[in-house]
Amino acid sequence: MTDPLAEIGSLSAADFDAGALFSGQPSGRKIKGYASPCRHTPAVDPDYLFPAIMRDLVVWFMSGSDPLYLFGPTGSGKTSLVRQVAARLNYPVFDVTGHGRLEFPDLAGHLTVDNGSMRFEHGPLALAMKHGGLFLLNEIDLLDPATAAGLNGVLDGAPLCIPENGGEVIPPHPMFRFVATANTNGGSDGTGLYQGTLRQNLAFMDRFWLCEVAYPDSTAELQILERRAPALPADLRSTMVEFANEVRRLFIGDSDGRHQSIEVTFSTRTLIRWADLTQRFQPLARAGIQPVTYALDRALGFRASPPTRALLHELGQRLFPSAS
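Residues numbered from 1 in each chain as written. Predicted model: local features only at pLDDT ≥ 70, side-chain atom pairs only at ≥ 80, totals over all residues. Heavy atoms only, no water.

**Regarding the pattern of salt bridges**
When charged atoms on two side chains of opposite charge get close, those side chains can pair.
Argument step 1. Here the structure, examined in full by the defined rule, presents 10 salt bridges.
Argument step 2. Measuring nitrogen to oxygen at the nearest pair gives 3.0 Å for the salt bridge that ties aspartate 156 to arginine 207. Placement of the pair is aspartate 156 in the loop between α8 (152–155) and β8 (160–162) and arginine 207 in the loop between α9 (202–205) and β11 (209–212), with a sequence separation of 51 residues.
Argument step 3. For aspartate 156, a relative accessible area of 51% corresponds to the exposed category.
Argument step 4. For arginine 207, a relative accessible area of 21% corresponds to the partly exposed category.
Argument step 5. Between aspartate 297 and arginine 309 there is a salt bridge whose closest N-O contact spans 2.7 Å. Here the residue aspartate 297 occupies a position in helix α13 (residues 291–299), and arginine 309 occupies one in helix α14 (residues 306–319), the gap between them amounting to 12 residues.
Argument step 6. For aspartate 297, a relative accessible area of 7% translates into the label buried.
Argument step 7. The exposure class assigned to arginine 309 is partly exposed, which follows from its relative accessible area of 31%. (Salt bridge = Lys/Arg side-chain N within 4 Å of Asp/Glu carboxyl O. Helix = DSSP H or I, 4+ residues; strand = E, 2+ residues; numbered from the N terminus. Buried < 20%, exposed > 50% of the residue type's maximum accessible area, 1.4 Å probe, protein only.)

**Let's talk about the packing of helix α11 (residues 234–252) against helix α12 (residues 268–280)**
Argument step 1. Packing of α11 against α12 leaves a shortest axis separation of 11 Å and a crossing angle of 140°. The orientation of α11 relative to α12 falls into the category oblique. Where α11 crosses over α12, the two elements pack in a sense that is right-handed. Judged by residue contacts, Met240, Val241, Phe243, Ala244 and Arg248 of α11 engage Thr268, Leu271, Trp274, Ala275 and Thr278 from α12. (Axes fitted to C-alpha atoms, helices over the stretch in contact; angles between N-to-C directions. Parallel < 35°, antiparallel > 145°, perpendicular 65-115°, else oblique. Left-handed = near helix turned anticlockwise from the far one by under 90°. Contact = heavy atoms within 4.5 Å.)

**A word on the sheet that holds strand β3 (residues 68–71)**
Argument step 1. If you walk across this open sheet you meet the 5 strands as β4-β7-β10-β3-β11, and the pairing is parallel. Only two strands of the sheet have a single neighbouring strand rather than two, namely β4 (93–97) and β11. The sheet shows a mean angle of 20° between the axes of neighbouring strands, taken without regard to direction.
Argument step 2. Direction of pairing for strand β7 (residues 134–138) relative to strand β10 (residues 177–182): parallel, over a ladder of 4 bridges. Bridged to leucine 136 within β10 is valine 179.
Argument step 3. Sheet strands touched by helix α3 (residues 54–63): β3, β7, β10 and β11. Its angle to β11, the strand with the most contacts, is close to 160°. (Pairing = 2+ DSSP bridges.)

**What to know about the environment of leucine 277**
Argument step 1. Turning to its location among the elements, leucine 277 is positioned in helix α12.
Argument step 2. Sequence separation between leucine 277 and tyrosine 91 is 186 residues; the distance between their C-alpha atoms is 33 Å.
Argument step 3. If we skip the residues at most four places from it in the chain, leucine 277 touches Ala295, Arg298 and Ala299.

**Some points on the packing of aromatic side chains**
Argument step 1. The final tally for this structure, using the stated rule, is 16 aromatic pairs.
Argument step 2. With centroids separated by 5.2 Å and ring planes inclined at 65°, the aromatic side chains of phenylalanine 135 and phenylalanine 178 adopt a geometry described as edge-to-face. Of the two residues, phenylalanine 135 sits in strand β7 while phenylalanine 178 sits in strand β10, which places them 43 residues apart along the sequence. Phenylalanine 178 carries the same exposure label as phenylalanine 135, and that label is buried.
Argument step 3. Residues phenylalanine 243 and phenylalanine 266 carry aromatic rings whose centres are separated by 5.8 Å and whose planes lie at 90° to one another, so their mutual orientation is edge-to-face. Taken together, the residues phenylalanine 243 in helix α11 and phenylalanine 266 in the loop between α11 and α12 connect sequence positions 23 residues apart.
Argument step 4. Take phenylalanine 243: its relative accessible area is 0%, and that puts it in the buried class.
Argument step 5. Judged by relative accessible area, phenylalanine 266 falls into the buried class, the value being 0%. (Phe/Tyr/Trp six-rings, centres within 6.5 Å; stacked < 30°, edge-to-face > 60°.)

Okay, here's the thing in C-alpha cells:
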C-alpha cells in the first residue's frame, strides 16, 4: 500500500490555462496546480456549476499572497467551491471544521503512541505547509479568538514551529494555500441564527482577503435542478426555485423592520434535497399524498417552528395550487 505522505511528497507542479480549465476557453493566463491527483485531492464533480465568484478564487490561486476568507449564508456552496477548484487543479486539500474547543495542536499535530513508542503525527496545517497543499478551515468563526490568533504567524507567511516535535520548523511550501470559510464576516452574527459564532480579533481578520459567496442566481439553480432532478417537470423545478427565493426573502426580512423574518432559509443544498425527495416520493401520489409538500417538510419544514412551518405550507399552497 502506498504511503500517503510519500505520495504527496512525490507530486510535481504543473501549469494550467485558467480559461481552458474552468470555462473551456483558453485565456493564456496560467494557474499553477499539480500534474496528477493524490488521495487527498477532492473528486471532480462533473455536474458542478461554477458560480461567477469562482473568478475571485482563481485569481487568488494565481497570486497566492494573502490567505482567503470566504463567507456567506449556510448552504451557499463555500466549501464545495473551494474543493471543486482544487479538484480541477489536482490540489491536495487538508480540511478541518472549527469549533469552540479546537486547539492549535489539532492543526499542527500531536504526540501519539505507535507500537508502544511515542511518535509525532503532523496535523492538517503542518501537512499542507510541509508538502504543498490547501489547508481548508471551515466554520472559522466558531473558533475561540485566542486560538485563531495563534495562526497569525502562519497567515503572515512565517514558518510553523512545533515545539512538541523537538522544535521542528516548517517553512511554507511554495504551493501552500490557506482558505477559511464562515457564515459571518468575522464581525459576529447580528441575526442570532448562527449560534456559537464569535467576533474575531481585528488584527486576525486584517490578514485575510475576503470574498462573499451568495446563493446561486435563479438561472444557475434551474440548471442544477435540471441535472439533479431530471424526472421533475421543468415548470415544477422553476416554481421550486421561485419558492426557495421567496423563503430567502422572508429569512432576510424587511430592512425597515415592518415584517419579522423567519428562522429558516432555503440553501441550494436544501433545494436539491427537496427536489430529490419529491422525485423519490412520487409513488405517494397514488395514495392521495402530494409529493411536493410531503418532501418539503422533510427537506426543511420539520426544522421550522410551528408558525413558520404553517407559513411555508401557506406559501406552498399559493405557488403549488395542485399540491394543496
